[in-house]
Amino acid sequence: MDENKNLAPETLPQELFSKAEFHEELLEETGFSNYSYWRSTIRTFFKSNVVKVIVALVLIMLAYTVIYPMVTDRDPYTASLSAKEWNLPSSREHPFGTDGVGRDIWARVWFGTRTSLLLSVAVAVFEVGLGVIIGALWGFYRKLDTVMFAIYNTLTNVPSTIYLVLIAYIMKPSVFTIIIALVATGWIREARWFRSRILALREADYNIASICLKTPARRIISRNVVPHLVSLIIMDAALTIPASIGSEVFLSYIGVGLPADLCTLGNLVNQGRSAFLVYPFQMIFPTLILCFIMVSFYIIGNKFADASDPKNHL
Amino acid sequence: MQKKIFEAKDIVIKFNLRGKTLTAIRGASIDLYHGETLAIVGESGSGKSVFTKSFIGMLDKNGWVESGSMVMDGVDFSKYKTEKEWLAVRGKKIAMVFQDPMTSLNPVKTVGEQIREVITWHFGVKKAEARKQAVELLRQVGIPEPELRYKQYPHQFSGGMRQRVVIAIAIACRPRILICDEPTTALDVTVQAQILELVKKLQKELDMSVIYITHDLGVVANVADRVAVMYAGQIVEYGLSCEIFKDSRHPYTKALLRSLPQLGVRGQDLHSIKGSPPNLYKQITGDAFAPRNPNAMKIDYLYEPPFFKVSDTHYAKTWLLSEQAADYCRQMEQQEEAEDPIPAPPTDFSAAEKLVQVKGLTVNFKLGRGQFSAVKNVSFDIHRGETLSLVGESGSGKTTIGKAILKICHASGGDILYKGKSIVGRLSSHEMTEFRKNVQMIFQDPMASLNERAKVEYIISEGLYNFRLFENNKDRQEKTARAMRSVGLLPEYVTRFPHEFSGGQRQRIGIARALVIEPEFIVADEPISALDVSIRAQVINLMNRLKRERGLTYLFIAHDLSTVRFISDRIAVMYKGQMVELAEAEELFAHPLHPYTNALLQAAPVPDPDIERNKKVVVYDPSVHDYADDPPIWTEIRPGHFIRANRAELDAYKKHLEK
Amino acid sequence: MGRYLLSKLGQAIVTIILVMLVVFTLLRFMPTAGYFSKEQWKDMTDGEKTAYLRNMGVLDPLPIQLKNFVGNLFHGDLGRSTVLYPNSPIGGVLAEKIPYSILLNLISWFVAALFGLPLGVAMARKKGGLADKLGTVYVVIIRAVPSIIIHFFIQVFLSKWFGLPMLFYMDQPISWLLPTFSMSIGSIAGYGVWLRRYIVDEENKDYIKFARVKGLPRRYIMWRHVFRNAIVPIAINVPSDFLLMLSGSLVIESMYSIPGTGGLLIKSIKAMDNPMVQVLVLMYGALSVLGVFLGDILVSFVDPRIKLVDSND
């Protein structure tokens, strides 16, 4: 900055000491700030190089998991009858090697990733969706407090893994079962979280203003409340994805997960584990992909949470 | 002149914010003399707080002192780098009191502990001795039963009492300078007066110099020996208190003093400062105030003025004081020599239709398992076309009354009539629509009252949509544009989001939102108290103009009597849920009867040092009323003047009025 | 204070009852095969099976079953195992296993606090510093990677590198090392990340700034004000940490063949031993509720404001 520009010269022309034009319209611009919530959120989010790299890698991976199963001619379920094809180490033909019955692990990993991602996205959608809707009702109708807190205490005081195991155990193993089990144990936390957000939003003056203007409740929710929750919803969904994949792995381990013949990351890791001491690569490769997905979504979710907080828009 | 004990010179402070560097303090200097009280006055964003925080190394992490020096006892603090170096300064040499006493104390430690730790740390005395000193300090700051209070936690203290504790901690090490950063802004007016009194007393006892940071010129008039006015990160004028109040030279100081609502004349517009303080992201050239000064000179836009001397103690940073500007000043003076405006006579609205009738209103809230009456048996009428002000401290129930009239909170007892029809209880859908269309609200906090995620266009059109007050989209846009223009904003701004506007602009958007559906009655809940001093006049003028043009009726809620005097037709005073006095505005000021009204009137700071200096603090003590056998009733003591008093008191008041 | 505790106690009791109801209802949907031992299942005819079930009371309406179960509970009768320990009283089986689990949980919790709290302080002390960065990497890995995988690698690699036993033996204290380590790493990360967050939050509070203005040294403020206040929400979370550990112990006990209750739950689920599952789940539920209640009591000691305010939040 050039500080000297402000300094007056020794002698000043007399002409300057006369009335200047006054621009009233321009005045209102003096207080104007060009802050924008979403722009600042996105900018804060992408400020870190780690995030840039991770987002790029996740996008590439997502594209690959979508495209690969469509274009490949390799079937991840075809076992080979020839023992020569069994337990092959990594090669050009089989980048991740083959498993105990000669199935290509590379293909299995990407089909598995697709299943696991679809599953976790479904869980995220239902869990967060249910959480938002119930949380909104809970926040708006105080009468629900007693009932909801009873449900909340019942579901959260017992470790959710126990409920998870129980439900998965009672129902037949299927993708549907896992989704139900995960949503059933997860929705209440989301609801509680959104309730507290909504309680804070509900009391806001602009909602009272809307009530004074007789704005229908439906529009108050859609225009005044939900837009403030969008960033929270995104963050929550991003964090639910790794959590669901993790739960799937856990259930597979316990033996109440998805049918063992289905390709999922949980099953792959679990099957690799049994052969780990002899053929470590059978577990290592799926685990690496799994960890990559988990860590990236975890980081993306958390970084987005930070970025969406206006306090961090520095 | 007394000994100079502290000198800050050419301080430049910068901040890193959102990836940009902004200069918060652009070369400010200040001297502080032994035993004096210096007030630094400025609006939010003027940098007054940042400037003084730098004296004790308390800048936020993203800020730093770029250049300049701060010298006390021959040591330059500005060279300090580490927290350790500052320890020698903080508490011992310079102490500070923060704005909000509710957050200044650690909630999980006893008050006594928090005082004792300072004494133990600084003087290294034994625990028992430190405890004794701490109790003594509590006594010194006027806390009753200090032994008992020592063991209590902050949540067991009221706001005023907490601020006393904070002050006790600040003076625990006998600092030579006490910085008070808006120490009374978060407190009620009557408590404010007591705290100011306390600081004065302590200043004498401990022989300290005090720096006040405040936006309230009334407080300044009360406490300051000298005043420094800050604008956009610079000190623009400083001098003795009387010099600033009676003979200010900088156009900003002048405009600020003239725009005070306390000085308003009924029926006239307040002198207002247009626009908002500058955004410090932008490079400022010349006099920062020039763009808002209708009489700025060309040079003001080009070069930053130096300080010109007015007297030995009075300096101002404006080109108007340059010899070359003498001619221009003369011109200006001639223009200004208009007659003093005569206050319009108060209008009598008692014959007008009773728009709102409140009859025995009681509002109860659940509090834990118990109940708490926010409003107890309050009755009054509002006539069409008048402005009725409800004045009271926090917790007096004034806002609750407003909300009950708006049907936002439920009346637990009594009745509210709007145009003769009861609005308590369920209304038919049609009646409700009619009611909502006619009764609107203006909010206190412009930051909280606009939905951040909606464009201004939606915010203003909200009422139009709800009541289908437009024929087609074009019609709606025209109506929105007209509403924007009527509150002095450009119609093009409707595509922006609220956060792009300043506080005053947002408040006007809030007004436009309420007015676009053309209501007839408006509840204004402290519409100016969250605004900067220079912005308040704009909003008050706007509200008055709309009242004249559209025949609006206002219920104006405020906490300070003096600011509502000139805009109110009638004023009602609330105390702890009860209405204690109601009268025509000038009548109330001329003949305040209730002791609480008197206390409130006395406590309200007036921006005139002569008045403030000789003021006595009146503390209202509800136990003066003996209501055991003779319960108070709401009585019209003389036409239009109501008071809550019992028979004995009424007789006394009547005698007083006859005198 | 008394009322606060009473209300919390009431809440705990209501919760236990509700948990019991839910678990009971859920268990009624379990395959009935779980009520028979393998031989019985093979040998009995359908009619016999129904009679057997009716005899056990499994076909009674839910409220009656619940009443019977609770009644038996008060007499110390937890029912009998079917598959895992055919016909042995569950109470006896548990009495053997409970001490292992409690011991393991307590030690792990202690280790977690011992390392987790200093980790949090170290991370918060210099934001963006080396300790903070390393700590963050640790936290991200521990929290993002499925714990089973981590536990598995710990078991496989650490035992190899340090020559530690891969399974648990009661009489070899050294064999306790890996399970305890596995169980505590998650909680260490939890304590670290939460304490760091609370400390950072506290440091931005006005009263901490005011404490600095008072002229108190940084260290003193850190311990007597910041840490003192930041530990309050940690105290609230102690019981839920315990929950986390309980669920961790399910896997770890079965991995290291620890004869505790966690491993037992997994085993009985795999073996479909219904009465066993029922008792274990209820036991875990009751323990957790007790933990939450203890946490509430704990908080009332650390936070003076609790004594006055009753609130659900």
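Every value quoted in this text rests on a predicted model; they were computed, and no experiment measured them. (Residues numbered from 1 in each chain as written. Chains lettered and ligands numbered in written order. Predicted model: local features only at pLDDT ≥ 70, side-chain atom pairs only at ≥ 80, totals over all residues. Heavy atoms only, no water.)

### Regarding helix α7 (residues 159-171) of chain B
To be explicit about the condition: We count a stretch as a helix when DSSP gives it H or I for four or more residues in a row; a strand needs E for two or more, and each element gets its number in order from the N terminus. Given the number of residues in a helix, its expected span is that number minus one, multiplied by 1.5 Å. Residue exposure (1.4 Å probe, protein chains only): buried if accessible area is under 20% of the type maximum, exposed if over 50%, otherwise partly exposed.
Along its 13 residues, α7 of chain B runs 19 Å from first to last C-alpha, staying within 8% of the 18 Å computed at 1.5 Å per residue. Among the 13 residues of α7 of chain B, 13 are classified as buried, and the element is accordingly described as predominantly covered.

### Some details on the side chain of S249 of chain C
Here is the rule we go by: In what follows, a contact means two residues having at least one pair of non-hydrogen atoms within 4.5 Å.
By the secondary structure assignment, S249 of chain C is in helix α10 (residues 218-255). If near-sequence neighbours (up to four positions away) are discounted, S249 of chain C is found in contact with N105, M183, G262, G263 and Y284 of chain C.

### Notes on a nonpolar patch on the surface
Stated precisely, the cut-off is as follows: Note that patches include only residues with greater than 30% relative accessible area and no salt bridge, and the join distances are 9 Å for like charges and 5 Å for nonpolar side chains (Val, Leu, Ile, Met, Phe, Trp, Tyr). Calculation of accessible area relied on Shrake-Rupley with a 1.4 Å probe; when residues are assessed, cover is drawn exclusively from the protein chains displayed. Here a salt bridge means any side-chain nitrogen of Lys or Arg lying within 4 Å of a carboxyl oxygen belonging to Asp or Glu.
Nonpolar side chains collect at one region of the surface, where W38, I42, F46, V226, V230 and I234 of chain A lie side by side and expose about 440 Å² of accessible area between them. Among the secondary structure elements, those contributing two or more residues to the nonpolar patch are α2 (37-46) and α9 (217-254) of chain A.

### Thoughts on the pattern of salt bridges
Counted under the stated rule, the structure contains 45 salt bridges over all chains. Several salt bridges converge on common partners, so that one network encompasses K109, E113 and E117 of chain B together with K214 of chain C.

### Considering the sheet that holds strand β16 (residues 413-418) of chain B
Residues and elements named next belong to chain B. Defined as follows: In short, DSSP must find at least two bridges between two strands for them to pair. Axis definition: a line fit to C-alpha positions, over the contact stretch in the case of helices; interaxial angles, taken between N-to-C directions, run 0 to 180 degrees.
With antiparallel pairing, four strands are arranged side by side in an open sheet as β14-β13-β16-β17. Each edge of the open sheet carries a strand with a single partner, namely β14 (370-383) and β17 (421-422). Here β16 pairs with β17 via two bridges, running antiparallel. Residue pairing in the sheet places L417 in a bridge with S422 of β17. Contacts from helix α14 (residues 398-405) reach β13 (354-367), β14 and β16, with the element oriented near 115° to β13.

### A short note on the interface of chain B and chain A
Here is the rule: Here's the idea: put two parts together, see how much 1.4 Å probe accessible area each one loses, and the total over both is what we call buried area. Polar contacts, as counted here, are pairs of nitrogen or oxygen atoms within 3.5 Å of one another; within protein the pair requires one atom able to donate a hydrogen and one able to accept it, and residues that are adjacent in sequence qualify only if both atoms are side-chain atoms. Three categories are distinguished: nonpolar for Ala, Val, Leu, Ile, Met, Phe, Trp, Tyr, Cys and Pro, charged for Asp, Glu, Lys and Arg, and polar for the others, with Gly belonging to the last.
Contact residues are listed per partner, giving 71 residues for chain B and 48 residues for chain A. Between chain B and chain A, roughly 5500 Å² of surface is buried when both sides are summed, and carbon and sulfur atoms account for 53% of that area. At the junction of chain B with chain A, the criterion picks out one salt bridge. One salt bridge in this structure joins K298 of chain B and E15 of chain A, with 2.8 Å as the shortest N-O distance. At the surface where chain B touches chain A, the tally comes to 23 residue pairs in polar contact (both at pLDDT 80 or more). Mapped by element, the contributors of at least two residues to the side of chain B that touches chain A are β1 (4-17), α12 (298-302), α15 (429-438), β18 (439-442), α16 (456-467) and α18 (503-515) of chain B. Broken down by element, the side of chain B that touches chain A gets its largest block of residues, six residues, from α16 of chain B. Taken together, the residues that form the side of chain B that touches chain A break down as 30 nonpolar, 24 polar and 17 charged.

### A few points about the environment of M235 of chain A
All names here are of chain A. For M235, the position within the fold is in helix α9. Of the residues examined, M235 reaches a relative accessible area of 10% and is grouped as buried. In the structure, M235 is positioned 67 residues away from N302 in sequence and 7.2 Å away in space, judged by C-alpha atoms. Those residues in contact with M235, other than ones at most four positions away along the chain, are W193, G301, F304 and A305.

### Considering the side chain of S244 of chain A
Within the element layout of this structure, S244 of chain A appears in helix α9. On the basis of relative accessible area, S244 of chain A is assigned to the buried category, the value being 3%.

### Looking at unusual backbone geometry
Residue and element names in this part refer to chain B. In the Ramachandran plot, D10 falls in the positive-phi region, its phi being about 50° despite a non-glycine side chain. For D10, a relative accessible area of 46% corresponds to the partly exposed category. In this model, R174 sits at a positive phi of 50°, which is unusual for a non-glycine residue. You can see R174 is positioned in the loop between α7 and β7 (177-181).

### Here's the deal with the interface of chain B and chain C
Listed by partner, the interface residues are 28 residues for chain B and 23 residues for chain C. Taken together, the two surfaces of chain B and chain C that pack against each other cover about 2600 Å², and 61% of this comes from carbon and sulfur. For the pair chain B and chain C, the interface holds two salt bridges. Between K214 of chain C and E117 of chain B there is a salt bridge, with its nearest N and O atoms 2.7 Å apart.

### Comments concerning the environment of A95 of chain C
Residue and element names in this part refer to chain C. With respect to the element layout, A95 can be found in helix α5 (residues 90-125). Under the relative-accessibility criterion, A95 is labelled exposed at 53%. Sequence spacing of A95 and T261 is 166 residues, and the spatial spacing of their C-alpha atoms is 9.6 Å.

### Structural notes on the sheet that holds strand β4 (residues 63-72) of chain B
Strand pairing in a sheet relies on backbone hydrogen bonds. The paired strands run either parallel or antiparallel. Residue and element names in this part refer to chain B. Strand order in the open sheet made by the four strands is β2-β1-β4-β5, with antiparallel pairing throughout. Bordering the open sheet on either side are β2 (20-33) and β5 (75-76), each of which pairs with just one other strand. Inspection of the sheet shows β4 paired to β5 by two bridges, in the antiparallel sense. Bridge pairing in β5 places V71 opposite D76.

### Focus on a positive patch on the surface
To keep it simple, the criterion reads: Positive residues here are Lys and Arg, negative ones are Asp and Glu, while His and the chain termini are left out of the count. Charge placement uses NZ in Lys and CZ in Arg. For Asp and Glu, CG and CD serve respectively.
Taken together, K61 of chain B together with R125, K127, R218 and R219 of chain C make up a surface patch of like positive charges. Topologically, K61 of chain B is positioned in the loop between α1 (48-53) and β4.

### Points about the packing of helix α3 (residues 49-71) of chain A against helix α4 (residues 105-140) of chain A
Residue and element names in this part refer to chain A. Definition in use: Roughly parallel here means an angle under 35 degrees, roughly antiparallel means over 145, roughly perpendicular means 65 to 115, and every remaining angle is called oblique. Two helices crossing with the near one rotated counterclockwise from the far one by less than a right angle form a left-handed crossing, whereas a clockwise rotation gives a right-handed crossing.
Taken N-terminus to C-terminus, the directions of α3 and α4 make an angle of 110°; their axes are 9 Å apart at the nearest point. Looking at the two axes, α3 sits roughly perpendicular to α4. Viewed along their axes, α3 and α4 form a crossing whose handedness is left-handed. The residues of α4 that touch α3, namely those facing M61, L62, Y64, T65, Y68 and P69, are W106, A107, W110, F111, T113, R114 and L117. By residue class, the composition of the contact of α3 with α4 is 10 nonpolar, two polar and one charged.

### Digging into the confidence of the model for chain C
Residue and element names in this part refer to chain C. Note the threshold: What pLDDT conveys is the predictor's confidence in a given residue, as a value from 0 to 100.
In this model, chain C carries an average pLDDT of 83, and 96% of its residues clear a pLDDT of 70 or more. Predicted confidence in chain C is weakest over helix α2 (residues 38-43), with a mean pLDDT of 75, and strongest over helix α9 (residues 206-213), with 92. Segment residues 308-313: pLDDT under 50, and 12 contacts once partners within four positions in sequence are set aside and those in other chains are kept. Interface predicted TM-score (ipTM) for the complex: 0.83; the corresponding pTM is 0.84.

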